[in-house]
Amino acid sequence: MSYSTPFRREDDFYRKKRKEDASVVAQARQAAEQLPTPPPKDDTVVSRPQRQEEQTAAAAPPVLELLLHHEEERAAARSSGDLRLATSALVGVVRDLDVLLDGVERYLRQTGRGRARQRVRDAMPHLVAISAVAALPLAEVGEFLDLPPDRVEAVLTSLARHGGISPAQRQKALEQIRWLRGQLQQVMVTEDHSLLDRLLAFVSKFVLLGIIALASAASGAFAVGESVVKEVIKTGVIALVAAALQMGADRVLTEHTKQSRHSAAREAHAALLAELSTASALWEAPAYDGEHVVIRMRLAVRMCAVRVASIPLKWQDKWRYWDLLDELAAALNKDTPDGFRVQLRKITTLSPPA
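Nothing here was measured: the structure is a model prediction, and the numbers come from that model.

Visitor: Explanation requested: the overall build of the protein in the structure shown.
Guide: Each helix and strand counted, the protein has 15 helices and 0 strands in total. For the protein, with 354 residues in total, the buried portion stands at 52%. A separation of at least 24 residues holds for 83% of the contacts in the protein among residues at least 6 apart in sequence. Summed over all atoms, the accessible surface of the protein reaches about 16,500 Å², with 53% contributed by carbon and sulfur.

Encoded structure:
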(Lines give C-alpha, C1' and ligand atoms only; values in the text may rest on other atoms or scores of the structure.)
Protein backbone atom coordinates (compact mmCIF):
# COMPACT_ATOMS: atom_id res chain seq x y z
CA MET A 1 0.00 0.00 0.00
CA SER A 2 1.35 3.43 -0.89
CA TYR A 3 0.79 6.71 0.88
CA SER A 4 0.40 10.11 -0.76
CA THR A 5 1.75 11.86 2.33
CA PRO A 6 4.30 9.61 4.03
CA PHE A 7 5.42 10.04 7.64
CA ARG A 8 2.14 11.37 8.96
CA ARG A 9 3.15 9.98 12.33
CA GLU A 10 6.91 10.26 11.90
CA ASP A 11 7.21 13.92 10.86
CA ASP A 12 9.30 14.80 13.92
CA PHE A 13 11.59 11.82 13.38
CA TYR A 14 12.03 12.71 9.70
CA ARG A 15 12.86 16.34 10.41
CA LYS A 16 15.34 15.40 13.12
CA LYS A 17 17.04 12.78 10.93
CA ARG A 18 17.25 15.12 7.95
CA LYS A 19 18.88 17.78 10.14
CA GLU A 20 21.40 15.29 11.57
CA ASP A 21 22.43 13.88 8.18
CA ALA A 22 22.67 17.29 6.52
CA SER A 23 24.68 18.56 9.49
CA VAL A 24 27.30 15.80 9.21
CA VAL A 25 27.86 16.46 5.50
CA ALA A 26 27.81 20.25 6.00
CA GLN A 27 30.39 20.07 8.79
CA ALA A 28 32.81 18.23 6.52
CA ARG A 29 32.29 20.88 3.80
CA GLN A 30 32.82 23.75 6.25
CA ALA A 31 35.96 22.19 7.68
CA ALA A 32 37.34 21.63 4.17
CA GLU A 33 36.74 25.26 3.24
CA GLN A 34 38.85 26.41 6.18
CA LEU A 35 41.88 24.40 5.09
CA PRO A 36 44.50 25.93 2.78
CA THR A 37 44.12 24.96 -0.85
CA PRO A 38 46.57 22.10 -1.55
CA PRO A 39 48.99 22.49 -4.46
CA PRO A 40 48.04 20.59 -7.63
CA LYS A 41 49.41 17.07 -7.89
CA ASP A 42 51.14 15.76 -10.95
CA ASP A 43 49.05 12.59 -10.86
CA THR A 44 45.67 14.32 -10.65
CA VAL A 45 43.41 13.37 -13.50
CA VAL A 46 42.05 16.58 -14.96
CA SER A 47 39.20 15.28 -17.08
CA ARG A 48 36.16 13.74 -15.47
CA PRO A 49 34.68 10.61 -17.08
CA GLN A 50 31.01 10.73 -17.98
CA ARG A 51 28.64 9.98 -15.12
CA GLN A 52 26.93 7.37 -17.29
CA GLU A 53 30.14 5.31 -17.29
CA GLU A 54 30.22 5.05 -13.51
CA GLN A 55 28.84 1.94 -11.89
CA THR A 56 25.59 2.34 -10.00
CA ALA A 57 26.58 1.07 -6.58
CA ALA A 58 23.09 1.30 -5.08
CA ALA A 59 21.36 -0.76 -7.78
CA ALA A 60 20.21 -4.22 -6.70
CA PRO A 61 22.32 -7.05 -8.17
CA PRO A 62 20.37 -9.75 -10.10
CA VAL A 63 21.08 -12.46 -7.51
CA LEU A 64 19.46 -10.34 -4.80
CA GLU A 65 16.35 -9.87 -6.93
CA LEU A 66 16.25 -13.64 -7.45
CA LEU A 67 16.47 -14.07 -3.69
CA LEU A 68 13.57 -11.66 -3.24
CA HIS A 69 11.53 -13.63 -5.79
CA HIS A 70 12.14 -16.92 -3.98
CA GLU A 71 11.44 -15.34 -0.59
CA GLU A 72 8.15 -13.94 -1.88
CA GLU A 73 7.19 -17.46 -2.99
CA ARG A 74 8.16 -18.90 0.39
CA ALA A 75 6.20 -16.29 2.34
CA ALA A 76 3.10 -16.75 0.20
CA ALA A 77 3.24 -20.55 0.50
CA ARG A 78 3.67 -20.41 4.27
CA SER A 79 0.78 -17.98 4.55
CA SER A 80 -1.50 -20.27 2.54
CA GLY A 81 -0.35 -23.43 4.33
CA ASP A 82 1.12 -25.00 1.18
CA LEU A 83 3.97 -26.97 2.76
CA ARG A 84 5.19 -28.51 -0.52
CA LEU A 85 5.56 -25.14 -2.24
CA ALA A 86 7.08 -23.60 0.91
CA THR A 87 9.74 -26.33 0.98
CA SER A 88 10.51 -25.81 -2.71
CA ALA A 89 10.90 -22.06 -2.18
CA LEU A 90 13.02 -22.72 0.92
CA VAL A 91 15.51 -24.58 -1.28
CA GLY A 92 15.66 -21.59 -3.64
CA VAL A 93 16.31 -19.13 -0.82
CA VAL A 94 19.05 -21.33 0.64
CA ARG A 95 20.79 -21.64 -2.73
CA ASP A 96 20.60 -17.89 -3.32
CA LEU A 97 22.13 -17.18 0.09
CA ASP A 98 24.89 -19.71 -0.59
CA VAL A 99 25.75 -17.94 -3.85
CA LEU A 100 25.80 -14.58 -2.07
CA LEU A 101 28.13 -16.00 0.57
CA ASP A 102 30.55 -16.90 -2.24
CA GLY A 103 30.81 -13.19 -3.02
CA VAL A 104 31.30 -12.27 0.64
CA GLU A 105 34.10 -14.80 0.98
CA ARG A 106 35.75 -13.51 -2.17
CA TYR A 107 35.80 -9.85 -1.14
CA LEU A 108 36.99 -10.71 2.38
CA ARG A 109 39.94 -12.61 0.90
CA GLN A 110 40.87 -10.04 -1.73
CA THR A 111 40.46 -6.61 -0.12
CA GLY A 112 42.56 -4.64 2.33
CA ARG A 113 45.93 -6.03 1.34
CA GLY A 114 49.35 -4.66 0.35
CA ARG A 115 49.45 -1.14 -1.04
CA ALA A 116 45.74 -0.61 -0.34
CA ARG A 117 46.43 -0.76 3.40
CA GLN A 118 49.17 1.85 3.09
CA ARG A 119 46.91 4.16 1.08
CA VAL A 120 44.21 3.96 3.76
CA ARG A 121 46.72 4.66 6.56
CA ASP A 122 48.10 7.66 4.68
CA ALA A 123 44.63 9.06 3.95
CA MET A 124 43.24 9.00 7.48
CA PRO A 125 45.05 12.10 8.89
CA HIS A 126 43.76 14.24 6.00
CA LEU A 127 40.23 12.93 6.39
CA VAL A 128 40.33 13.71 10.10
CA ALA A 129 41.58 17.22 9.36
CA ILE A 130 38.55 18.00 7.19
CA SER A 131 36.08 16.20 9.47
CA ALA A 132 35.32 13.80 6.62
CA VAL A 133 35.66 10.81 8.91
CA ALA A 134 32.45 11.93 10.59
CA ALA A 135 30.79 12.16 7.17
CA LEU A 136 31.90 8.68 6.07
CA PRO A 137 28.90 6.32 6.36
CA LEU A 138 30.64 3.94 8.77
CA ALA A 139 28.47 4.86 11.77
CA GLU A 140 25.37 4.21 9.66
CA VAL A 141 26.79 0.89 8.48
CA GLY A 142 27.55 -0.11 12.06
CA GLU A 143 24.03 0.77 13.16
CA PHE A 144 22.58 -1.19 10.24
CA LEU A 145 24.66 -4.24 11.26
CA ASP A 146 23.58 -3.84 14.92
CA LEU A 147 27.17 -3.21 16.00
CA PRO A 148 27.70 -1.24 19.22
CA PRO A 149 29.34 2.21 18.78
CA ASP A 150 32.56 1.05 20.42
CA ARG A 151 33.05 -1.56 17.69
CA VAL A 152 32.66 1.13 15.04
CA GLU A 153 35.23 3.28 16.85
CA ALA A 154 37.56 0.29 16.97
CA VAL A 155 37.28 -0.06 13.19
CA LEU A 156 38.20 3.62 12.70
CA THR A 157 41.18 3.16 15.00
CA SER A 158 42.24 0.07 13.05
CA LEU A 159 41.98 1.96 9.75
CA ALA A 160 44.25 4.71 11.11
CA ARG A 161 46.81 2.31 12.57
CA HIS A 162 46.79 -0.64 10.19
CA GLY A 163 44.84 0.38 7.10
CA GLY A 164 42.35 -2.47 7.45
CA ILE A 165 41.52 -5.68 9.25
CA SER A 166 44.25 -7.95 10.55
CA PRO A 167 44.89 -11.45 9.16
CA ALA A 168 43.46 -12.90 12.38
CA GLN A 169 40.24 -10.88 12.00
CA ARG A 170 39.97 -11.92 8.37
CA GLN A 171 40.37 -15.59 9.31
CA LYS A 172 37.70 -15.36 12.02
CA ALA A 173 35.28 -13.80 9.56
CA LEU A 174 35.96 -16.55 7.01
CA GLU A 175 35.39 -19.17 9.71
CA GLN A 176 31.99 -17.61 10.41
CA ILE A 177 31.10 -17.85 6.73
CA ARG A 178 31.82 -21.58 6.89
CA TRP A 179 29.61 -21.76 9.99
CA LEU A 180 26.82 -19.95 8.14
CA ARG A 181 27.06 -22.45 5.29
CA GLY A 182 26.64 -25.19 7.87
CA GLN A 183 23.51 -23.50 9.15
CA LEU A 184 22.13 -23.34 5.60
CA GLN A 185 22.75 -27.05 5.23
CA GLN A 186 20.88 -27.62 8.49
CA VAL A 187 17.92 -25.65 7.09
CA MET A 188 17.88 -27.95 4.03
CA VAL A 189 17.82 -31.06 6.23
CA THR A 190 15.35 -29.87 8.87
CA GLU A 191 13.24 -27.51 6.72
CA ASP A 192 13.43 -25.08 9.62
CA HIS A 193 11.79 -21.91 8.30
CA SER A 194 12.38 -20.00 11.53
CA LEU A 195 16.14 -20.55 11.30
CA LEU A 196 16.06 -19.53 7.65
CA ASP A 197 14.23 -16.31 8.59
CA ARG A 198 17.10 -15.38 10.89
CA LEU A 199 19.78 -16.38 8.40
CA LEU A 200 18.09 -14.33 5.70
CA ALA A 201 17.87 -11.25 7.92
CA PHE A 202 21.52 -11.56 8.94
CA VAL A 203 23.19 -12.56 5.67
CA SER A 204 21.30 -10.19 3.36
CA LYS A 205 22.59 -7.19 5.31
CA PHE A 206 26.32 -7.70 4.93
CA VAL A 207 26.06 -9.27 1.49
CA LEU A 208 24.51 -6.16 -0.01
CA LEU A 209 26.83 -3.87 1.93
CA GLY A 210 29.83 -5.70 0.49
CA ILE A 211 28.42 -5.47 -3.03
CA ILE A 212 27.84 -1.72 -2.87
CA ALA A 213 31.23 -1.12 -1.24
CA LEU A 214 33.05 -2.94 -4.03
CA ALA A 215 30.93 -1.38 -6.76
CA SER A 216 31.58 2.10 -5.42
CA ALA A 217 35.31 1.48 -5.19
CA ALA A 218 35.40 0.17 -8.75
CA SER A 219 33.53 3.10 -10.33
CA GLY A 220 35.50 5.70 -12.27
CA ALA A 221 37.47 8.23 -10.26
CA PHE A 222 38.46 11.59 -11.71
CA ALA A 223 40.97 12.55 -9.01
CA VAL A 224 43.54 10.59 -7.06
CA GLY A 225 42.15 11.95 -3.77
CA GLU A 226 38.71 10.62 -4.64
CA SER A 227 39.98 7.12 -5.39
CA VAL A 228 41.69 7.05 -1.98
CA VAL A 229 38.43 7.99 -0.25
CA LYS A 230 36.75 5.14 -2.11
CA GLU A 231 39.42 2.78 -0.80
CA VAL A 232 38.90 4.03 2.77
CA ILE A 233 35.13 3.55 2.57
CA LYS A 234 35.42 0.10 1.00
CA THR A 235 37.94 -1.02 3.60
CA GLY A 236 35.87 0.41 6.45
CA VAL A 237 32.64 -1.25 5.29
CA ILE A 238 34.36 -4.61 4.90
CA ALA A 239 35.98 -4.25 8.33
CA LEU A 240 32.54 -3.65 9.85
CA VAL A 241 31.15 -6.65 7.97
CA ALA A 242 33.99 -8.75 9.38
CA ALA A 243 33.16 -7.49 12.89
CA ALA A 244 29.48 -8.37 12.38
CA LEU A 245 30.39 -11.82 11.10
CA GLN A 246 32.36 -12.52 14.27
CA MET A 247 29.11 -11.99 16.20
CA GLY A 248 27.16 -14.15 13.77
CA ALA A 249 26.34 -17.11 15.98
CA ASP A 250 24.65 -14.96 18.62
CA ARG A 251 22.67 -13.06 15.98
CA VAL A 252 21.47 -16.12 14.07
CA LEU A 253 20.67 -18.42 17.00
CA THR A 254 18.85 -15.78 19.05
CA GLU A 255 15.38 -14.47 18.31
CA HIS A 256 15.32 -10.67 18.10
CA THR A 257 12.08 -8.80 18.64
CA LYS A 258 13.35 -5.26 19.13
CA GLN A 259 11.20 -3.77 16.43
CA SER A 260 8.36 -4.75 14.12
CA ARG A 261 9.21 -5.35 10.47
CA HIS A 262 6.91 -2.60 9.27
CA SER A 263 8.32 -0.08 11.74
CA ALA A 264 11.89 -0.96 10.71
CA ALA A 265 11.03 -0.52 7.02
CA ARG A 266 9.38 2.85 7.56
CA GLU A 267 12.28 4.12 9.65
CA ALA A 268 14.74 2.99 6.96
CA HIS A 269 12.62 4.81 4.37
CA ALA A 270 12.58 7.97 6.51
CA ALA A 271 16.37 7.80 6.89
CA LEU A 272 16.77 7.48 3.12
CA LEU A 273 14.60 10.55 2.45
CA ALA A 274 16.58 12.47 5.05
CA GLU A 275 19.87 11.51 3.41
CA LEU A 276 18.57 12.49 -0.02
CA SER A 277 18.44 16.10 1.15
CA THR A 278 22.25 16.18 0.75
CA ALA A 279 22.24 14.86 -2.84
CA SER A 280 22.10 18.33 -4.44
CA ALA A 281 25.82 18.69 -3.64
CA LEU A 282 26.53 16.05 -6.32
CA TRP A 283 25.89 18.70 -8.98
CA GLU A 284 28.17 21.25 -7.32
CA ALA A 285 31.95 21.44 -7.21
CA PRO A 286 33.20 19.15 -4.42
CA ALA A 287 34.36 20.95 -1.29
CA TYR A 288 37.15 18.38 -0.82
CA ASP A 289 38.58 15.44 -2.73
CA GLY A 290 36.12 12.59 -2.47
CA GLU A 291 33.10 14.54 -1.20
CA HIS A 292 30.91 13.17 -4.00
CA VAL A 293 32.06 9.63 -3.17
CA VAL A 294 31.11 10.15 0.47
CA ILE A 295 27.64 11.40 -0.44
CA ARG A 296 27.06 8.59 -2.95
CA MET A 297 28.12 5.95 -0.46
CA ARG A 298 25.94 7.40 2.29
CA LEU A 299 22.99 7.20 -0.12
CA ALA A 300 23.95 3.69 -1.21
CA VAL A 301 24.01 2.52 2.42
CA ARG A 302 20.54 3.98 3.01
CA MET A 303 19.22 2.27 -0.13
CA CYS A 304 20.77 -0.97 1.05
CA ALA A 305 18.97 -0.58 4.38
CA VAL A 306 15.54 0.01 2.85
CA ARG A 307 15.92 -2.96 0.48
CA VAL A 308 16.82 -5.33 3.31
CA ALA A 309 14.10 -3.95 5.59
CA SER A 310 11.46 -4.45 2.90
CA ILE A 311 12.33 -8.09 2.09
CA PRO A 312 10.10 -9.68 4.79
CA LEU A 313 7.13 -7.35 4.19
CA LYS A 314 3.86 -8.44 2.63
CA TRP A 315 3.55 -5.42 0.38
CA GLN A 316 2.04 -5.28 -3.09
CA ASP A 317 4.22 -2.31 -4.10
CA LYS A 318 7.51 -3.94 -3.06
CA TRP A 319 8.76 -4.60 -6.60
CA ARG A 320 7.73 -1.14 -7.69
CA TYR A 321 9.64 0.27 -4.72
CA TRP A 322 12.78 -1.65 -5.68
CA ASP A 323 12.47 -0.43 -9.28
CA LEU A 324 12.20 3.14 -8.01
CA LEU A 325 15.37 2.65 -5.96
CA ASP A 326 17.19 1.49 -9.10
CA GLU A 327 15.89 4.48 -11.05
CA LEU A 328 16.86 6.84 -8.24
CA ALA A 329 20.37 5.37 -8.13
CA ALA A 330 20.71 5.83 -11.90
CA ALA A 331 19.48 9.43 -11.68
CA LEU A 332 22.26 10.24 -9.22
CA ASN A 333 24.78 9.52 -12.00
CA LYS A 334 23.28 11.88 -14.56
CA ASP A 335 24.88 15.16 -15.62
CA THR A 336 21.92 17.25 -14.40
CA PRO A 337 19.64 16.88 -11.34
CA ASP A 338 16.41 16.93 -13.38
CA GLY A 339 15.91 13.16 -13.36
CA PHE A 340 16.82 12.97 -9.68
CA ARG A 341 14.09 15.47 -8.80
CA VAL A 342 11.52 13.36 -10.66
CA GLN A 343 12.56 10.15 -8.91
CA LEU A 344 12.72 11.92 -5.54
CA ARG A 345 9.07 12.93 -5.88
CA LYS A 346 8.13 9.34 -6.71
CA ILE A 347 10.04 7.73 -3.85
CA THR A 348 8.65 10.31 -1.40
CA THR A 349 5.08 9.31 -2.21
CA LEU A 350 5.66 5.56 -1.93
CA SER A 351 6.18 4.54 1.68
CA PRO A 352 6.32 1.04 3.22
CA PRO A 353 3.01 0.12 4.89
CA ALA A 354 2.45 0.88 8.56
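Visitor: What exactly am I supposed to notice about the environment of L209 here?
Guide: Looking at the element boundaries, L209 is found in helix α9 (residues 193-218). Between the C-alpha atom of L209 and that of V104, which follows or precedes it by 105 residues, the distance is 9.6 Å. In contact with L209, not counting residues within four places along its chain, are V141, F144, L145, V237, V241, V301 and C304.

Visitor: How should the nonpolar core be read in this particular structure?
Guide: General note: in soluble globular proteins, nonpolar side chains tend to be found buried as a group. By size, the foremost hydrophobic cluster in this structure holds 96 residues, and its most contacted members are L97, L108, L145, L180, F206, L209 and L245. Setting aside its immediate chain neighbours within four residues, L97 contacts L67, L184, L196, L200 and V203.

Visitor: It is not clear to me how the packing of aromatic side chains should be interpreted in this structure. Could you clarify?
Guide: When we look at a pair of aromatic rings, we describe it by the centre distance and by the angle of the planes. In total, this model carries 3 aromatic pairs according to the counting rule given. Plain terms: the ring middles of W283 and F340 are 5.6 Å apart, the flat faces sit at 35 degrees to each other, and that makes the pair tilted. Here the residue W283 occupies a position in the loop between α12 (261-276) and α13 (291-310), and F340 occupies one in helix α15 (residues 338-348), the gap between them amounting to 57 residues. Ring geometry for W315 versus Y321: centroids 5.0 Å apart, planes at 50 degrees, classification tilted. According to the relative accessible area criterion, W315 is buried, its value standing at 5%. The exposure class of Y321 is buried, given its relative accessible area of 0%. Sitting over the ring of F144, K205 keeps its end group 5.3 Å from the ring centre.

Visitor: How should I be thinking about the side chain of E275 in this particular structure?
Guide: Looking at the secondary structure, you find E275 in helix α12. Taking relative accessible area as the criterion, E275 reaches 0% and is therefore assigned buried. Within the structure, the side chain of E275 is placed 3.4 Å from the side chain of R302, a separation counted as a polar contact.

Visitor: How should I be thinking about unusual backbone geometry in this particular structure?
Guide: Glycine aside, a negative phi is what most residues show, and trans is what most peptide bonds show. Positive phi values are uncommon outside glycine, yet D146 reaches one of about 60 degrees. Residue position: D146 is located in the loop between α6 (138-144) and α7 (149-162). Look at D146 and you get partly exposed, because its relative accessible area is 34%. For E191, which is not glycine, the phi torsion reads 55 degrees and is therefore positive. Relative to the helices and strands, E191 resides in the loop between α8 (167-190) and α9. Looking at E191, the relative accessible area reads 41%, which means it is partly exposed.

Visitor: When you look at the pattern of salt bridges in this model, what are you seeing that I'm missing?
Guide: Side-chain pairing between opposite charges can occur once the charged atoms of the two side chains come close. Per the stated rule, a full pass over the model turns up 17 salt bridges. A salt bridge links R181 to E105; the shortest N-O distance between them is 3.3 Å. With R181 in helix α8 and E105 in helix α3 (residues 83-110), the pair connects residues that are 76 residues apart, well separated along the chain. On the basis of relative accessible area, R181 is assigned to the buried category, the value being 17%. A salt bridge links K205 to D146, with the shortest nitrogen-to-oxygen separation between them at 3.3 Å.

Parameters and conventions
Residues numbered from 1 in each chain as written. Predicted model: local features only at pLDDT ≥ 70, side-chain atom pairs only at ≥ 80, totals over all residues. Heavy atoms only, no water. Helix = DSSP H or I, 4+ residues; strand = E, 2+ residues; numbered from the N terminus. Buried < 20%, exposed > 50% of the residue type's maximum accessible area, 1.4 Å probe, protein only. Contact = heavy atoms within 4.5 Å. Areas by Shrake-Rupley, 256 points an atom, 1.4 Å probe, with all protein chains shown as cover. Core = buried A, V, L, I, M, F, W, Y, C linked by side-chain atoms within 4.5 Å. Phe/Tyr/Trp six-rings, centres within 6.5 Å; stacked < 30°, edge-to-face > 60°. Lys NZ or Arg CZ within 6 Å of the ring centre and 35° of its normal. Polar contact = N/O pair within 3.5 Å; in protein donor to acceptor, adjacent residues only side chain to side chain. Salt bridge = Lys/Arg side-chain N within 4 Å of Asp/Glu carboxyl O.

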